[in-house]
Amino acid sequence: MIWDTNCGVQIGDPIQGHSDSVTSVAFSPCGEKIVSGSDDNTARVWNVRTGAPEGDPFLEHSQYVTSVAFSPDGERIVSGSYDNTVRIWNARTGALERDPLQGHNGERIVSGSYDNTIRVWDTGTGDPEGNPFQGHSHSVSSVAFSPDGERIVSGSYDNTISVWNARTGSLEIDSLQGHSWYVTSVAFSPDGKRIVSGSLDNTVRIWDGKTGIPEGDPFQGHTDWVTSVAFSPDGERIMSGSCDNTVRVWNVKSGLSEGDPFQGHSHPVTSVAFSPDGERIVSGSDDKTVRIWNARTGAPEGDPFQGHSDLVTSVAFSPNGERIVSGSGDNTVRVWNARTG
């Protein structure tokens, strides 16, 4: 939106075109153009007077664009992204002016352990940062950073969920109670406002990420332990895997299952993940296979990925959605082409 700074009145209609949150905007030096960055992974240039886009979106980033700016002469645009790169563009043509500026890396790793503690590690040195986070009275089964990296959520076999300050290790939300058995999996929503948890009590729960207050009733439908949960990239759906051999997708607002359970695995589902675009789901199972599903219909895409000689314990998509990584009880990690298997 554009506003008159003297009287606070909106000028013209909202400028529309991005398909996800707009994270950063800037005027050109002459004031005739605006550049915007978005969680749809693009940057765009707009005509200030008409609100019309100038040229096509800048498409090279593979993750959220978080910051944009014009050069002082207005001839170039710089963008920063969650894909860890900075890119420089010709402001008139949208062409990249050079290779991406690379060098940023993920700084920290969080781990949970059977010793009841959580640790944060420096990826450059491999050293732990500070002291272990202590508070759980039983094994820590699942940990995850908030999207801004400032908080950590943990689930434990003490049946509780906690939220920690990622820098200091201090508890921000202590021992959320509601599950009647082990908490097996936790995750933040993409905006950090919610937490999802799965448990051996066969339920999925949603919590307010700031207060820890439960949102609505538990999601019920699985007939055996819930082993893994994840939010969709848009935060509107939740996926869960279960020892009932199925994957389910739930509507966050209603708590209702969307469609029938995804059936195909012959043994418990151990791990699930959405693709970055939210259109596909990957699952790993004790049946030693990895499967891809259409996230909307639940239909399997292609044959199961076979190669592991023991149960599959963890799966994830690459940031661009083109590859899948799986870990297994056969002591190996495998990387798969997500389209061909």
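Residue positions are counted from 1 within each chain, in the order its sequence is given. Selection of residues for local features in this predicted model requires a pLDDT of at least 70, selection of side-chain atom pairs for listing and counting requires 80 or more, and totals for whole chains, interfaces and linings are taken over all residues. Hydrogens and water are ignored here; the side-chain numbers use all heavy atoms of the structure.

Moving on to the pattern of salt bridges. We count a salt bridge whenever a side-chain nitrogen from Lys or Arg sits within 4 Å of a carboxyl oxygen from Asp or Glu. Scanning all chains against the criterion turns up six salt bridges. Here glutamate 32 ties to arginine 49 by a salt bridge, and the two come within 3.4 Å at their closest N and O atoms. With glutamate 32 in the loop between β3 (22-27) and β4 (33-38) and arginine 49 in the loop between β5 (43-47) and β6 (65-70), the pair connects residues that are 17 residues apart, well separated along the chain. For glutamate 150, the salt bridge is made with arginine 167, and the minimal N-O distance between the two is 4.0 Å. With glutamate 150 in the loop between β13 (140-145) and β14 (151-156) and arginine 167 in the loop between β15 (161-165) and β16 (171-176), the pair connects residues that are 17 residues apart, well separated along the chain. Under the scheme used here, helices are H or I runs from DSSP no shorter than 4 residues and strands are E runs no shorter than 2 residues, and both carry numbers assigned from the N terminus.

Our next topic: the layout of surface pockets. In this analysis the probe radius is 1.4 Å and the grid spacing 1 Å, with only protein atoms considered; a cavity is a set of points the probe fits into but cannot get out of, a pocket is an open set with protein on both sides within 12 Å along at least five of seven lines, and lining residues have an atom within 4 Å of a point. Grid points are joined across faces, edges and corners, and a volume is the space filled by probe spheres set on the points. Put simply, the second largest pocket is a space of about 330 Å³. In terms of lining, the second largest pocket is formed by 14 residues, of which the most central are Met1, Ile15, Val22, Val25 and Ser36. Contributions of two or more residues to the lining of the second largest pocket are made by β3 and β4. With four residues, the single largest contributor to the lining of the second largest pocket is β3. Amino acids outside the nonpolar list (Ala, Val, Leu, Ile, Met, Phe, Trp, Tyr, Cys, Pro) and the charged list (Asp, Glu, Lys, Arg) are all regarded as polar, and Gly is one of them. Tallied by class, the residues present in the lining of the second largest pocket amount to 10 nonpolar, four polar and no charged.

Looking now at the UniProt feature "repeat: WD" (unreviewed entry) in the protein chain. UniProt positions are given in the numbering used here, feature names are shortened, and annotations may be inferred rather than shown by experiment. What UniProt calls "repeat: WD" (unreviewed entry) maps, in this numbering, to residues 15-56, 58-99, 105-131, 133-174, 176-208, 219-255, 262-303 and 305-341. Taken end to end, residues 15-56 is 0% helix and 40% strand, and its first and last C-alpha atoms sit 15 Å apart. Structurally, residues 262-303 comprises 0% helix and 45% strand, and the distance from its first C-alpha atom to its last is 14 Å.

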